[in-house]
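What follows is each chain in one-letter form.
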Amino acid sequence: VLERAVHQANATIRDMVEADPALLGMGTTLTGIMWSGSQLGLVHIGDSRAYLLRDGELFQITHDHTVVQSLIDDGRITPEEATSHPQRSMLLRALGGGSAEPDLQLRDARPGDRYLLCSDGLYEVVPLDAIARVLSDVAEPDEGVAALVDLANQAGGPDNITCIIADVVPLKDPAVTATVIA
(Lines give C-alpha, C1' and ligand atoms only; values in the text may rest on other atoms or scores of the structure.)
Protein backbone atom coordinates (compact mmCIF):
# COMPACT_ATOMS: atom_id res chain seq x y z
CA VAL A 1 0.00 0.00 0.00
CA LEU A 2 2.78 2.44 0.93
CA GLU A 3 4.82 1.67 -2.18
CA ARG A 4 1.77 2.14 -4.38
CA ALA A 5 1.06 5.51 -2.72
CA VAL A 6 4.63 6.67 -3.39
CA HIS A 7 4.42 5.72 -7.06
CA GLN A 8 1.04 7.46 -7.38
CA ALA A 9 2.39 10.62 -5.71
CA ASN A 10 5.45 10.59 -7.97
CA ALA A 11 3.25 10.23 -11.07
CA THR A 12 1.10 13.15 -9.88
CA ILE A 13 4.16 15.37 -9.51
CA ARG A 14 5.41 14.35 -12.96
CA ASP A 15 1.98 15.15 -14.44
CA MET A 16 2.02 18.57 -12.78
CA VAL A 17 5.45 19.33 -14.25
CA GLU A 18 4.33 18.20 -17.71
CA ALA A 19 1.30 20.49 -17.46
CA ASP A 20 3.39 23.45 -16.24
CA PRO A 21 7.10 23.40 -17.23
CA ALA A 22 7.74 26.25 -14.75
CA LEU A 23 7.51 23.54 -12.08
CA LEU A 24 10.53 21.66 -13.50
CA GLY A 25 12.73 20.60 -10.60
CA MET A 26 9.83 20.46 -8.15
CA GLY A 27 10.01 17.55 -5.75
CA THR A 28 9.63 16.48 -2.16
CA THR A 29 10.81 14.01 0.42
CA LEU A 30 8.53 11.56 2.19
CA THR A 31 8.81 9.59 5.39
CA GLY A 32 5.69 7.93 6.72
CA ILE A 33 4.39 5.10 8.84
CA MET A 34 1.24 3.03 8.63
CA TRP A 35 0.02 0.80 11.43
CA SER A 36 -1.19 -2.70 10.63
CA GLY A 37 -1.89 -5.18 13.41
CA SER A 38 1.17 -5.34 15.64
CA GLN A 39 3.46 -3.98 12.94
CA LEU A 40 4.30 -0.68 11.32
CA GLY A 41 5.02 -0.16 7.66
CA LEU A 42 7.67 2.52 7.11
CA VAL A 43 8.17 4.28 3.79
CA HIS A 44 11.08 6.64 3.18
CA ILE A 45 12.52 8.62 0.29
CA GLY A 46 14.80 11.66 0.54
CA ASP A 47 16.30 13.28 3.61
CA SER A 48 13.40 13.55 6.01
CA ARG A 49 13.96 11.05 8.81
CA ALA A 50 12.31 8.61 11.16
CA TYR A 51 13.66 7.95 14.64
CA LEU A 52 12.57 5.35 17.16
CA LEU A 53 12.80 5.88 20.91
CA ARG A 54 12.72 2.42 22.50
CA ASP A 55 13.60 1.64 26.11
CA GLY A 56 15.11 5.11 26.53
CA GLU A 57 17.44 4.84 23.52
CA LEU A 58 17.03 6.84 20.30
CA PHE A 59 17.74 5.21 16.93
CA GLN A 60 17.66 6.74 13.45
CA ILE A 61 15.75 4.12 11.44
CA THR A 62 15.93 5.71 7.99
CA HIS A 63 18.93 6.33 5.75
CA ASP A 64 19.27 9.68 3.99
CA HIS A 65 19.20 9.63 0.19
CA THR A 66 21.70 12.46 -0.27
CA VAL A 67 25.04 12.99 -1.98
CA VAL A 68 26.64 13.69 1.39
CA GLN A 69 25.27 10.49 2.96
CA SER A 70 26.73 8.50 0.06
CA LEU A 71 30.11 10.20 0.70
CA ILE A 72 29.87 9.21 4.37
CA ASP A 73 28.90 5.65 3.41
CA ASP A 74 31.92 5.45 1.10
CA GLY A 75 34.22 6.73 3.85
CA ARG A 76 35.17 9.84 1.83
CA ILE A 77 33.97 12.30 4.49
CA THR A 78 33.07 12.10 8.18
CA PRO A 79 29.64 12.87 9.65
CA GLU A 80 31.19 16.00 11.16
CA GLU A 81 32.39 17.17 7.73
CA ALA A 82 28.93 16.51 6.31
CA THR A 83 27.34 19.20 8.49
CA SER A 84 29.08 21.97 6.51
CA HIS A 85 29.45 20.25 3.12
CA PRO A 86 28.16 22.46 0.27
CA GLN A 87 26.10 19.57 -1.18
CA ARG A 88 24.51 18.45 2.12
CA SER A 89 20.99 19.11 0.79
CA MET A 90 21.45 17.54 -2.64
CA LEU A 91 19.06 14.60 -2.89
CA LEU A 92 19.75 11.39 -4.77
CA ARG A 93 16.16 10.18 -4.42
CA ALA A 94 12.97 12.21 -4.05
CA LEU A 95 9.40 12.28 -5.24
CA GLY A 96 9.37 14.14 -8.53
CA GLY A 97 13.09 13.54 -8.95
CA GLY A 98 15.06 11.07 -11.03
CA SER A 99 14.74 8.00 -8.81
CA ALA A 100 11.62 7.67 -6.72
CA GLU A 101 12.17 4.16 -5.37
CA PRO A 102 11.35 4.29 -1.66
CA ASP A 103 12.92 2.33 1.15
CA LEU A 104 10.25 0.13 2.74
CA GLN A 105 10.43 -1.56 6.13
CA LEU A 106 8.08 -3.63 8.24
CA ARG A 107 8.75 -3.11 11.95
CA ASP A 108 7.32 -4.63 15.12
CA ALA A 109 5.24 -2.09 17.05
CA ARG A 110 5.83 -2.42 20.78
CA PRO A 111 3.86 -0.59 23.45
CA GLY A 112 6.09 2.16 24.80
CA ASP A 113 7.79 2.85 21.46
CA ARG A 114 7.82 6.46 20.33
CA TYR A 115 8.38 7.41 16.71
CA LEU A 116 9.55 10.80 15.46
CA LEU A 117 9.15 11.69 11.79
CA CYS A 118 10.90 14.94 10.94
CA SER A 119 12.40 17.12 8.25
CA ASP A 120 15.97 18.37 8.06
CA GLY A 121 14.72 21.67 9.46
CA LEU A 122 14.70 19.91 12.84
CA TYR A 123 17.62 17.48 12.88
CA GLU A 124 20.11 19.80 11.18
CA VAL A 125 19.84 22.44 13.91
CA VAL A 126 18.81 20.56 17.06
CA PRO A 127 21.41 18.18 18.52
CA LEU A 128 20.38 14.53 18.73
CA ASP A 129 20.77 14.48 22.52
CA ALA A 130 18.30 17.38 22.82
CA ILE A 131 15.83 15.57 20.54
CA ALA A 132 16.20 12.42 22.65
CA ARG A 133 15.66 14.41 25.86
CA VAL A 134 12.39 15.91 24.57
CA LEU A 135 11.15 12.55 23.32
CA SER A 136 11.98 10.95 26.68
CA ASP A 137 10.77 13.71 28.99
CA VAL A 138 7.64 15.14 27.34
CA ALA A 139 4.71 12.75 27.74
CA GLU A 140 2.19 14.22 25.29
CA PRO A 141 3.10 13.96 21.57
CA ASP A 142 1.68 17.40 20.68
CA GLU A 143 3.65 19.03 23.50
CA GLY A 144 6.78 17.21 22.33
CA VAL A 145 6.26 18.51 18.79
CA ALA A 146 5.87 22.06 20.10
CA ALA A 147 9.05 21.71 22.19
CA LEU A 148 11.05 20.39 19.22
CA VAL A 149 9.82 23.15 16.90
CA ASP A 150 10.71 25.73 19.59
CA LEU A 151 14.22 24.29 19.87
CA ALA A 152 14.69 24.43 16.09
CA ASN A 153 13.44 28.03 15.96
CA GLN A 154 15.75 29.00 18.84
CA ALA A 155 18.63 27.50 16.86
CA GLY A 156 17.87 29.77 13.91
CA GLY A 157 15.31 27.60 12.08
CA PRO A 158 16.76 28.21 8.60
CA ASP A 159 14.48 25.67 6.89
CA ASN A 160 10.93 24.33 7.20
CA ILE A 161 10.51 22.51 10.49
CA THR A 162 8.23 19.53 10.30
CA CYS A 163 7.83 16.84 12.92
CA ILE A 164 5.31 14.26 14.05
CA ILE A 165 5.49 12.17 17.20
CA ALA A 166 3.56 8.88 17.34
CA ASP A 167 3.35 6.68 20.43
CA VAL A 168 2.58 2.98 20.42
CA VAL A 169 0.18 2.38 23.31
CA PRO A 170 -1.63 -0.75 24.50
CA LEU A 171 -5.34 -0.91 23.85
CA LYS A 172 -7.47 -0.26 26.92
CA ASP A 173 -9.56 -3.39 26.30
CA PRO A 174 -7.53 -6.33 27.70
CA ALA A 175 -9.53 -8.78 25.58
CA VAL A 176 -7.88 -7.34 22.45
CA THR A 177 -4.22 -8.19 21.90
CA ALA A 178 -3.04 -5.40 19.63
CA THR A 179 -1.44 -2.00 19.80
CA VAL A 180 -2.53 1.41 18.60
CA ILE A 181 -0.58 4.43 17.39
CA ALA A 182 -1.69 7.53 19.26
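What you are looking at is a predicted structure, and each value in this text was computed from that prediction instead of being measured. (Residues numbered from 1 in each chain as written. Predicted model: local features only at pLDDT ≥ 70, side-chain atom pairs only at ≥ 80, totals over all residues. Heavy atoms only, no water.)

Caption draft 1: Quick peek at the nonpolar core. If you look at the biggest cluster of nonpolar residues, it comprises 17 residues, and the most contacted ones within it are Leu 58, Leu 116, Cys 118, Leu 122, Ile 131, Leu 135 and Leu 148. Those elements that place two or more of their residues in this core are strand 3 (49–54), strand 6 (114–118), helix 4 (120–123), helix 5 (128–137), helix 6 (141–154) and strand 7 (163–170). In terms of residue count, helix 5 provides more of this core than any other element does, 5 residues in total. Apart from the residues within four sequence positions on either side, Leu 122 is in contact with Leu 116, Ile 131, Leu 148, Ala 152, Ile 161 and Cys 163. Core analysis: the next-biggest nonpolar cluster, separate from the first, contains 10 residues, Leu 42, Ala 50, Leu 117 and Ala 166 among them. (Core = buried A, V, L, I, M, F, W, Y, C linked by side-chain atoms within 4.5 Å. Buried < 20%, exposed > 50% of the residue type's maximum accessible area, 1.4 Å probe, protein only. Helix = DSSP H or I, 4+ residues; strand = E, 2+ residues; numbered from the N terminus. Contact = heavy atoms within 4.5 Å.)

Caption draft 2: Structural detail: the layout of surface pockets. Size it by volume and the largest pocket reaches roughly 600 Å³. Lining the largest pocket are 25 residues; nearest its centre among them are Arg 49, Pro 79, Thr 83, Tyr 123 and Glu 124. The set of elements that each furnish at least two residues to the lining of the largest pocket consists of strand 3, helix 2 (67–73), helix 3 (79–82), helix 4 and helix 5. For the lining of the largest pocket, a count of residues per class yields 12 nonpolar, 5 polar and 8 charged. (1 Å grid on protein atoms, 1.4 Å probe; cavity = no way out; pocket = protein on both sides within 12 Å on 5 of 7 lines; lining within 4 Å. Points joined across faces, edges and corners; volume = space filled by probe spheres on them. Nonpolar A, V, L, I, M, F, W, Y, C, P; charged D, E, K, R; others polar.)

Caption draft 3: The arrangement of unusual backbone geometry in detail. A positive phi is found at Asp 55, a non-glycine position, where the angle reads about 55 degrees. Assignment of secondary structure puts Asp 55 in the loop between strand 3 and strand 4 (57–60). Looking at Asp 55, the relative accessible area reads 75%, which means it is exposed.

Caption draft 4: Up close: the environment of Leu 30. Tracing the backbone shows Leu 30 in strand 1 (residues 30–36). Apart from the residues within four sequence positions on either side, Leu 30 is in contact with Val 6, Val 43, His 44, Ile 45 and Leu 95.

Caption draft 5: Up close: the sheet that holds strand 2 (residues 39–45). On the basis of which strands lie adjacent, the open sheet formed by 3 strands has the order 1-2-5 and antiparallel pairing. One side of each edge strand has no neighbouring strand; the edge strands of this open sheet are strand 1 and strand 5 (103–108). Direction aside, neighbouring strands of the sheet carry axes that sit 20 degrees apart on average. Summarising the sheet, strand 1 and strand 2 pair through 7 bridges and their orientation is antiparallel. Each bridged residue has a counterpart across the sheet, and for Thr 31 the counterpart in strand 2 is His 44. Helix 1 (residues 2–19) rests against strand 1, strand 2 and strand 5 of the sheet, and its axis sits at about 25 degrees to strand 2. (Pairing = 2+ DSSP bridges. Axes fitted to C-alpha atoms, helices over the stretch in contact; angles between N-to-C directions.)

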